[in-house]
Amino acid sequence: SLKAGVHEAFRSELIPSIEKGTRRLFGEVQGQLQQQVKNNYDGVLGTLQDEVSQLKSFRKTIDQRLAQLGRAAREATQAATTQNGGDRASNSGQRPPSLAEMKKTINACLEAKTYSKAFTSALQHRRPEILSYLCSKLEPEGVVERCELTENVVLSLISQLSTKLAKNTAMKLSWLRHLIAGIKRPVKSKYAPRVISNLRTKLADLKKANSGQTPWEHRDRHQLVLYELLMLSAK
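Presented here is an overview of the structure given in this document. All values reported here derive from a predicted model rather than from experimental measurement.

## Quick notes on the overall build of the protein
- Looking only at helices and strands, one finds nine helices and zero strands in the protein.
- Mapped in sequence order, the helices and strands of the protein form the string α-α-α-α-α-α-α-α-α.
- Counting only residues that meet the buried cut, the protein has 23% of its 235 residues in that class.
- Across the protein, the fraction of contacts at a sequence separation of at least 24, relative to all contacts at a separation of at least 6, is 70%.
- Surface summary for the protein: the accessible area is close to 17,000 Å², and the carbon and sulfur share equals 54%.

## Overview of the side chain of S189
- Along the chain, S189 falls in the loop between α7 (169-181) and α8 (192-209).
- On the basis of relative accessible area, S189 is assigned to the buried category, the value being 12%.
- Within the structure, S189 has its side chain in polar contact with the backbone nitrogen of Y191 (distance 3.1 Å).
- Not counting the four nearest positions on each side in its chain, S189 is found in contact with E151, N152 and L155.

## Considering the environment of R219
- Note on placement: R219 falls in helix α9 (residues 219-234).
- With 12 residues separating them in the primary sequence, R219 and K207 have C-alpha atoms 8.2 Å apart.

## Structural notes on the pattern of salt bridges
- Applying the stated criterion across every chain yields a total of two salt bridges.
- A salt bridge links R127 to E129; the nearest nitrogen and oxygen atoms lie 3.0 Å apart.
- Classification of R127 as partly exposed rests on a relative accessible area of 25%.
- On the basis of relative accessibility, which here comes to 36%, the residue E129 falls in the partly exposed class.
- With its nearest N and O atoms 3.5 Å apart, the salt bridge here joins D220 to R219.
- Overall, the relative accessible area of 49% leaves D220 in the partly exposed class.
- Judged by its relative accessible area of 48%, R219 falls in the partly exposed class.

## As for the packing of aromatic side chains
- Applying the stated criterion to the full structure yields one aromatic pair.
- Their ring planes at 55° and their centres at 6.0 Å tell us that F119 and W175 sit as a pair that is tilted. Here W175 lies in helix α7 and F119 lies in helix α3 (residues 115-125), a separation of 56 residues in the sequence.
- Residue classification places F119 among the buried residues on the basis of a relative accessible area of 0%.

## So, the packing of α3 against helix α4 (residues 128-136)
- For the pair α3 and α4, the least separation of the axes is 8 Å and the interaxial angle reads 160°. When the interaxial angle is binned, α3 and α4 end up roughly antiparallel. Remark: the crossing between α3 and α4 carries left-handed chirality. In this structure, α3 uses A118, F119, A122 and L123 to contact α4, whose residues at the interface are I130, L131 and L134.

## Thoughts on α9
- With 16 residues, α9 should cover 22 Å at 1.5 Å per step; its first-to-last C-alpha distance of 23 Å lies within 8% of that length.
- Taken residue by residue, α9 has H222, V225, E228, L229 and L232 as its buried positions. Projected down its long axis, α9 carries its buried residues within an arc of 120°, all on one side.
- The secondary structure elements touched by the buried residues of α9 are α7 and α8.

Each value, and the rule that gives it
- Residues numbered from 1 in each chain as written.
- Predicted model: local features only at pLDDT ≥ 70, side-chain atom pairs only at ≥ 80, totals over all residues.
- Heavy atoms only, no water.
- Helix = DSSP H or I, 4+ residues; strand = E, 2+ residues; numbered from the N terminus.
- Buried < 20%, exposed > 50% of the residue type's maximum accessible area, 1.4 Å probe, protein only.
- Contact = heavy atoms within 4.5 Å.
- Areas by Shrake-Rupley, 256 points an atom, 1.4 Å probe, with all protein chains shown as cover.
- Polar contact = N/O pair within 3.5 Å; in protein donor to acceptor, adjacent residues only side chain to side chain.
- Salt bridge = Lys/Arg side-chain N within 4 Å of Asp/Glu carboxyl O.
- Phe/Tyr/Trp six-rings, centres within 6.5 Å; stacked < 30°, edge-to-face > 60°.
- Axes fitted to C-alpha atoms, helices over the stretch in contact; angles between N-to-C directions.
- Parallel < 35°, antiparallel > 145°, perpendicular 65-115°, else oblique.
- Left-handed = near helix turned anticlockwise from the far one by under 90°.
- Expected span 1.5 Å × (residues − 1).
- Arc of directions from axis to C-beta.

Structure below.
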């Protein structure tokens, strides 16, 4: 019949022709894609090779600079070691100043009104009796501004005065209160948080050690120091 003939023609002639054309078309498309991928790969590879070459050059420059810095650091260390060795040799026969000599130095500074120098001299020896002697010669109120004490000197004073609060407690608490009140914001020293934290611990230990005393004679001074710490954190 006619219908069967048409179907047979589709199967034997048209469909194979379509399949052949489709395979040829897909083959061409695949070839173009492969060529495009190859071209892109070659371009990317070339770019990566250029970047790797630049990185190698940068690394060589950095290695050379690090070597120069290393030599400079070694030379500086050697120079410092030589200088320190000479200083130790020149000072090897010197004894530390006596208490009387240090008091004389402190008195001379106070007389000349070089207060900052007096505090620096007292702090560098790390002798509590000298620091207590200096503090006994001055009024603590407004001492930071009046004596033009730097932040580092103030923090060092707080650190050393809080070392043994059980001794000369009244004087130390009074000084700590006014030293803290004299600290200006913002606090620049990176050591300030540690100094303040240590002070809080010392104050807590002092209160605990005297918890059996009713009333405790230093309670008000102790509270005033805590108040100034609170104000410092709120500034």
